[in-house]
Each structure stands twice: as structure tokens, then as C-alpha cells.
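Tertiary structure, described
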Amino acid sequence: MTTAVRIRRQWFFWLITVGVYLFLLGPIVAVGLASLEGKQTYHFQFPPETFSLAWYLKIPHKYFQALGVSIVVATLTAILSVVIGGAAAIGIVRGGLRIAEPLKAFFSLPLQVPLVVTGVVFLQFYNQLAIASGIDLLGSLPGLVIAHVFVTVPYSVSTVSSVLARANPRLEEAARTLGASELSIFWRVLLPTLRPALFAGCFYGFIVSFGDVPVAVFLSSGGFVTLPVEIFQTLQFDFDPAVLALSTLVVVASAILIVLVQKLVGFDLVLAYAKR
Amino acid sequence: MTERDATAALSEEKRWRLFLWPPLIVSATLLVIPQASFVWMSLHKNLGMGLLGSTLTLENYARALGDAFYLDCLWLTFWLSLVATAITLFLAFPAAYLLARSRSAWISFLIVLLLISSFVTIVIKVLGLSLVLGQEGVVNQFLQWIGVISVPLRMLNNQSGVIIGLIQYTLPFLVMLLFSVIQTIPVSLEEAAELHGAGRISTFREVLLPLALPGLIAGGLVTFNLNMGAFTSAVLLGGGKVLTLPVVIQRKILLDVDYPFAACLATELVVLVFLFNVASTFFIRWKTRGASQVR
């Protein structure tokens, strides 16, 4: 039996998959449709009765500011975590150390710290640091980026080390035999091999940082708030329908970004990483 | 390999090891120092106004473990995370399987949709869930229309709302993770089983499931850990009534400003999650050793 036939026969799997997609995309689509409702003031209704773009014009400035903060934090987090995690993976896989496995386990420890705990731990740490040294990282860009890097380094370590473990070291040997310098072997042989893994690590780092609430909620301050935290506060305390419009804009922009990346780089790369 | 080659390889390995030091120092600093000072703080009495007692005490732990309220919170967190993880695994596996195995032209489109879903912050998804899951939301309207239910289901402001929110949070990540797991299992193994007369269900149970088990457990653990530390859905979809430990910790910090007690509860949460992970890892080792013996 061919694969295609077998897949068609697995109607139960297909049923669940359709359910998964409805479940994942339904709420997002609902937000988009509800944002077009023009009639109400401070409550939402779905489906909309009157179509209007009114709420799009009433998005408070603080949300755009928060969006800016989120983009900067997520970008820095993605880059730093892939540099740190990538270097760790190279050392672990190529270092020929006997403690390679324990080292890998050590680098994945942050995945076992619940996010809310990471949030309060860094909150408390920054408080004490401020008392001890006068450096106040609380509610600052470096403070939040450090905490997010802590959370996301394990993703890069696992993506890079799994690709590196499968990569062929003979390519590097060949380059060395042909007289390439160590530096150019690193830039021109090793890094291109690792590119998909580095890209995947970046991508996961960005996603985790860009969507995070449990860590950022403790490390934000009045003037420094990420977008998810700003929306979270709005939903928790005083609902503003402009949030629907803003969320829709963010979703549409994310979708465009992902389609562009798919066209330019391809996501086989992102998904090709193996776990652990 | 000649002796000279071996020496060259060794010096090369030493060079690669240099890459390890900066990340190791950064990670160890970020892991050990904040956590240690945090646990240290949980061993002090809170005097209010950010002041701590000067002597070490286990009073916070006695309070956390002796009070039925906090034990209930801990149990509730564990239970909701476990239920949400089980449902997420059940939903993610078939979707990941089809995405990994199907040759259809639609697959790359479906993967893009999955990535978009994982890119959107859980807060926006929770907002969407609260739009569709209400008493008069589209889901209840639809279910009543097709006649499955006569009275609208209550899916918000209770535990089922929180579980739905947790699933929404972790499902896209788990599908991606299991996708990569299933890709590493050769399709020829399933074909061989079927050629030898195994039915679909027994192929699934005897071939696919054992091979995917380490990946399923690893993915399940990632999901479980995320659930144990999440509070967005508990706060927004639990209607303030579902008090999981993350919610209680947040309230202790932001409302009561009782840092030592929050630190104690957080330590409790970390220890529970860690023990659960270690136990499951041993379970994988034990299981996979059995499998390799059979092979």
C-alpha cells in the first residue's frame, strides 16, 4: 500500500487534525471579526452587527510603544540566545568531552523552571542587585532581555547540537587539507552547515520572548511594558475594544512576516531540528 | 588513524572546548546566583516593608505545607497541567503525523498556519477564546443548533476554561516538536508491518507508538513544564476562581508584597516540576532499554 493511500485511510487522524486547526485558528479569526464591530463601547460581541474600522483609529499610543518594546526585546533575545546556545552546542558536540551528556542536561535546566518562577526569581534578584550595587535592572531593557535569554538558550543548544551531531566533520578536514585557515573554516564551512539550526534557534527565541507574559509581567515597570503584558493588564482590569483592533494588526503583521520568511528561507529548516 | 592524526584531532577538540566557556559561565551565573539567593530568601521571615528577619527559619515552608489551602493550590496546578498535557498530546500526535507523512501540496500551507498560531501571543488567543466560548458564543450556539446539547456549556470562568487555555498555549509547539520526532521514524517500518499483515491499529500500537515514545515523553514534559508555570489562562479564563500556584505566587508578590513566602511557594513548584521530570526521564531510560533488548 502506498503512503498516499494509507494517509487517506486514516480518517480519524484527519478528523482530529481538522479539529486542531479549527481550535487554533478559530479564536484568532474571532478576534479579527470582532474588531470590525462598530456599535458597542466597552463590551465585545461576535459576530459583528455593524462593520466599522472605528476602533482601529482609536488604538491608544501606549500599545504601539509596547509593541516597539516587544520587538526590540524579542530581537535581542533571539540573537543573544542563539550566539550563547550555538557556542555551547559547538563546545559540547565537538569538544570530545566525557561529560557531554551532563553538560547538555545542565544547559536544558531552564526548561524545567516554571516561567512564573523565572519571573519572580529575576525580580527578586534585581531587587537585591540594586540594593547591593546600585545597578537597577528592574523594568529595564537589559533586565528583561537577560531573563528571556536565560529562558531561551536551551532551545538554541538543542537545535544546534542536533544538527551538528549529524554534520560531517570531514568537510572541515577537507577544507583544512586544502589549506583553509581555522577562521575561514569556521565562517565558510561550519556556519553554513549550522545555518538552519541557528535560524530555528533564533525563531524559537523570538517566539518565546515575543509571546511571554509570566516572566515579563514581573520585570515590567510603568514606562517599560511589553505588548503581551499590556494586553494582559487591559483584559484583566479594564477592557478596551481597541485591543481587538491592535491584536488583529499584530496577527496580520505576524502572518505576513511568516509568509515572507517562508518564501525567502523556507520553514523546512525551522522544523527540521530534532528534539533534545 | 595515525598517531599524528590522533594528536591533531585532540588539539582540535581542545580548541572547540574554548567555545564552551563563555556560555557555561553565563548560564551558570544566571541559573545559580538568582536561584540560590531566592531559596535563601524563602528561609527568612517576612517583616513587611521589604524587611527580612535575620534568622533562618522553616516557618514559610511549615505554613505552605501545613495549610490545606496552599496544598490544594499545588494539587490543582499539578492536576490541571497533567490533564491539559494529556489532551494536548492526544490532539498533537495525529496532526504532527499527518504533517510529517503527507505528500500533499497543502502541507506547507498548513505548516505556515501552525507557525502563525505559535507566533501569536497566548494573550490574544485567550481574548479570542473568551469571545467564542461564552454562554452565547458561537461554539455553544453551534452545538445547540446541531442538537448535541440543550443547555449551553459553561466553558469560561471555571477549570475547563483554564484547561482549554493551556491547550491553546502549548498545542502549536507540541505539534512542531512531534513533527520533527515523526520525521525521524522511517515510513518503511510502518509499510513493512502492513505488508506482513498488521492492521492499522496494531501498526500504530506495535510500531509507531514504541518508536515515538521517547519523543512523546520529551514533548509531554516540555508541555507539562510550560503548563506548570503559566498563569495567563488561569487568570483570564478562570475568572479569578481557579487559584493555581502561579496565580497565588503572583498575588503574593504584587498584592501582599510577601516575597519570602512567594519564594517558598515558587521553590515548592520548582522542586515538584524537577522531580516529575527526573522521574519521567528514568521512565524513558527504563522503557527504551527494554525496547533495545527486544530488537
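**Some remarks on the overall build of chain B**
Along chain B, the regular secondary structure elements total 13 helices and 2 strands. Since a compact globule built from 295 residues should have a radius of gyration of about 19 Å, the 24 Å found for chain B marks it as more spread out than a globular shape. Expressed as lengths along the three principal axes of its C-alpha atoms, the size of chain B is roughly 75 × 70 × 35 Å. Burial analysis of chain B (295 residues in total) assigns 41% to the buried set. Taking the intrachain contacts of chain B between residues at least 6 apart in sequence as the baseline, contacts between residues at least 24 apart amount to 71%.

**A look at the overall build of chain A**
The secondary structure content of chain A amounts to 13 helices and 0 strands. Each helix and strand of chain A, placed in order from N terminus to C terminus, yields the pattern α-α-α-α-α-α-α-α-α-α-α-α-α. Buried residues in chain A amount to 45% of all 276 residues. Taking contacts inside chain A between residues at least 6 apart in sequence as the whole, the part at least 24 apart equals 76%.

**Here's the deal with the interface of chain B and chain A**
Counting residues at the interface gives 81 residues for chain B, matched by 77 residues for chain A. Broken down by element, the residue count for the side of chain B that touches chain A peaks at 12 residues, all from helix α2 (residues 21-42) of chain B. By residue class, the composition of the side of chain B that touches chain A is 57 nonpolar, 18 polar and 6 charged.

**Topic: the packing of helix α4 (residues 68-101) of chain B against helix α10 (residues 200-229) of chain B**
All names here are of chain B. Running from N to C, α4 and α10 point in directions that differ by 140°, and their axes come no closer than 9 Å. Regarding the angle of α4 to α10, the classification is oblique. Where α4 crosses over α10, the handedness of that crossing is right-handed. Residues T77, S81, L82, A84, T85, T88 and L89 of α4 form the contact with α10, whose own contacting residues are L216, G220, T223, F224, N227 and M228. When its residues are assigned to classes, the contact of α4 with α10 shows 6 nonpolar, 7 polar and no charged.

**What to know about helix α6 (residues 122-132) of chain B**
Counted residue by residue, α6(B) has 11 buried out of 11 residues, so it is predominantly covered. All of the buried residues along α6(B) are I122(B), V123(B), I124(B), K125(B), V126(B), L127(B), G128(B), L129(B), S130(B), L131(B) and V132(B).

**Brief notes about the environment of V270(B)**
When you line up the elements, V270(B) lands in helix α13 (residues 259-294). Taking the C-beta count within 10 Å as the criterion, V270(B) has 21 such neighbours and is therefore assigned buried. Considered as a pair, V270(B) and N225(B) are 45 residues apart in the sequence and their alpha carbons are 9.6 Å apart. Dropping the residues within four chain positions of it, V270(B) is found in contact with V113(A), P114(A) and V117(A).

**Points about the environment of R101(B)**
Residue and element names in this part refer to chain B. With respect to the element layout, R101 can be found in helix α4. Look at R101 and you get buried, because 21 C-beta atoms sit within 10 Å. Remark: the alpha-carbon pair of R101 and F119, spanning 18 residues in sequence, is separated by 24 Å.

**Remarks on the nonpolar core**
Among the nonpolar cores identified, the biggest contains 155 residues, and V120(A), A96(B), V175(B), L178(B) and L265(B) are the most heavily contacted of them. Ranked by residues supplied to this core, first place goes to helix α8 (residues 159-183) of chain B with 16 residues.

**Notes on unusual backbone geometry**
For N157(B), which is not a glycine, the phi torsion comes out positive at approximately 60°. With respect to the element layout, N157(B) can be found in the loop between α7 (138-145) and α8.

**Considerations on the environment of F204(B)**
Residue and element names in this part refer to chain B. Structurally, F204 is set in helix α10. Residue F204 is classed as partly exposed on the basis of its C-beta count, with 18 C-beta atoms lying within 10 Å. Here the alpha-carbon distance between F204 and E190, two residues 14 residues apart in the chain, equals 8.1 Å.

**A closer look at the packing of helix α5 (residues 107-119) of chain B against α8(B)**
Angle between the axes and distance between the axes: these two values describe a pair of packed helices. All names here are of chain B. Close contact between α5 and α8 brings their axes to 8 Å; oriented N to C, the two are set at 135°. Between α5 and α8, the crossing angle belongs to the class labelled oblique. Crossing handedness for the pair α5 and α8: left-handed. Facing α5, whose interface residues are L114, S117 and S118, α8 presents P172, F173, V175 and M176.

**Observations concerning the confidence of the model for chain B**
Detailed reading of the predicted coordinates is not advisable wherever pLDDT is low. For chain B, the mean per-residue pLDDT works out to 85, and 94% of the residues sit at or above 70. Predicted as a complex, the structure gets a pTM of 0.89 and an ipTM equal to 0.87.

Conventions and cut-offs
Residues numbered from 1 in each chain as written. Chains lettered and ligands numbered in written order. Predicted model: local features only at pLDDT ≥ 70, side-chain atom pairs only at ≥ 80, totals over all residues. Helix = DSSP H or I, 4+ residues; strand = E, 2+ residues; numbered from the N terminus. Rg over C-alpha atoms; globule rule 2.2 N^0.38 Å. Buried ≥ 20, exposed ≤ 12 C-beta atoms within 10 Å, placed from the backbone. Contact = placed C-beta atoms within 7 Å. Nonpolar A, V, L, I, M, F, W, Y, C, P; charged D, E, K, R; others polar. Axes fitted to C-alpha atoms, helices over the stretch in contact; angles between N-to-C directions. Parallel < 35°, antiparallel > 145°, perpendicular 65-115°, else oblique. Left-handed = near helix turned anticlockwise from the far one by under 90°. Core = buried A, V, L, I, M, F, W, Y, C linked by C-beta atoms within 7 Å. pLDDT = per-residue confidence, 0-100.

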